[in-house]
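Read off the chains here:
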Amino acid sequence: KFHIKCEKQIMMFKSIQNQLDSLFEQLEITDKGEFAEVGDFDFSDERLSKYQKKLKDVKAEVKTRVDTMDQMKSSVNELLQQLGETTPSDILLIFDTNSITDESFKEVNSFIQDLEQEKEKRINKMGTIANEITRLWDLLNVSTRERQRFLQSHSTLSNSEIESCIAERDRLRELRN
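Residues numbered from 1 in each chain as written. Predicted model: local features only at pLDDT ≥ 70, side-chain atom pairs only at ≥ 80, totals over all residues. Heavy atoms only, no water.

### Observations regarding the overall build of the protein chain
Next up, step 1: Scanning the protein chain from terminus to terminus reveals six helices and zero strands.
Next up, step 2: Going from N to C terminus, the protein chain has its helices and strands arranged as α-α-α-α-α-α.
Next up, step 3: Against the 2.2 N^0.38 benchmark of 16 Å for 177 residues, the protein chain shows a C-alpha radius of gyration of 29 Å, more extended than a compact globule.
Next up, step 4: Counting only C-alpha atoms and orienting by the principal axes, one finds that the protein chain spans roughly 100 × 25 × 20 Å. (Helix = DSSP H or I, 4+ residues; strand = E, 2+ residues; numbered from the N terminus. Rg over C-alpha atoms; globule rule 2.2 N^0.38 Å.)

### Notes on the environment of Met12
Next up, step 1: Relative to the elements of secondary structure, Met12 occurs in helix H1 (residues 2-26).
Next up, step 2: Note on Met12: relative accessible area 36%, which makes it partly exposed.
Next up, step 3: Beyond its immediate chain neighbours, meaning those up to four positions away, Met12 contacts Leu48 and Gln52. (Buried < 20%, exposed > 50% of the residue type's maximum accessible area, 1.4 Å probe, protein only. Contact = heavy atoms within 4.5 Å.)

### Quick notes on the packing of helix H4 (residues 102-139) against helix H5 (residues 144-152)
Next up, step 1: Taken N-terminus to C-terminus, the directions of H4 and H5 make an angle of 160 degrees; their axes are 11 Å apart at the nearest point. When the axes of H4 and H5 are compared, the pair comes out roughly antiparallel. Two packed elements cross with a definite hand, and for H4 against H5 that hand is right-handed. Between H4, through Ile133, Trp137 and Asp138, and H5, the contact on the second element is made entirely by Arg147, Phe150 and Leu151.
Next up, step 2: Its residues assigned to classes, the contact of H4 with H5 shows four nonpolar, no polar and two charged. (Axes fitted to C-alpha atoms, helices over the stretch in contact; angles between N-to-C directions. Parallel < 35°, antiparallel > 145°, perpendicular 65-115°, else oblique. Left-handed = near helix turned anticlockwise from the far one by under 90°. Nonpolar A, V, L, I, M, F, W, Y, C, P; charged D, E, K, R; others polar.)

The following block contains the structure:
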């Protein structure tokens, strides 16, 4: 009986160790401390309890990171859609491989900040152009129908839509002169 209990205990340790190793790998954690290996001597219930707690904690960390990365992916996709841009290959690789390392988080966070700055820049540029277009429309008595048609065809902050607005502004300037 004692031998069977020991075998079971050892198997539990090995199972938890395999799970921990997999989770540590996902997180790219190399310093595993006392959880680096099961070893050959201490298979006590107290140590098993520590292992079980560590497994629970690391699983929770992985889940939190996966959820956070999913939220970041949604933010990236929304910003890219608003800007009419596509996902760069390095960011796509992080999303496709479901990477949740510290380095991946830094890279995606930095990318989101860049996108938000670009969005703000384009909003300001588009606002300036839109104000001038509106002023010129009023000055030239452009019909509501024509205004509506133009506005309905411009719903993002893409470079092509900004260029289209610049072209409309320039066309209106020509008409005014």
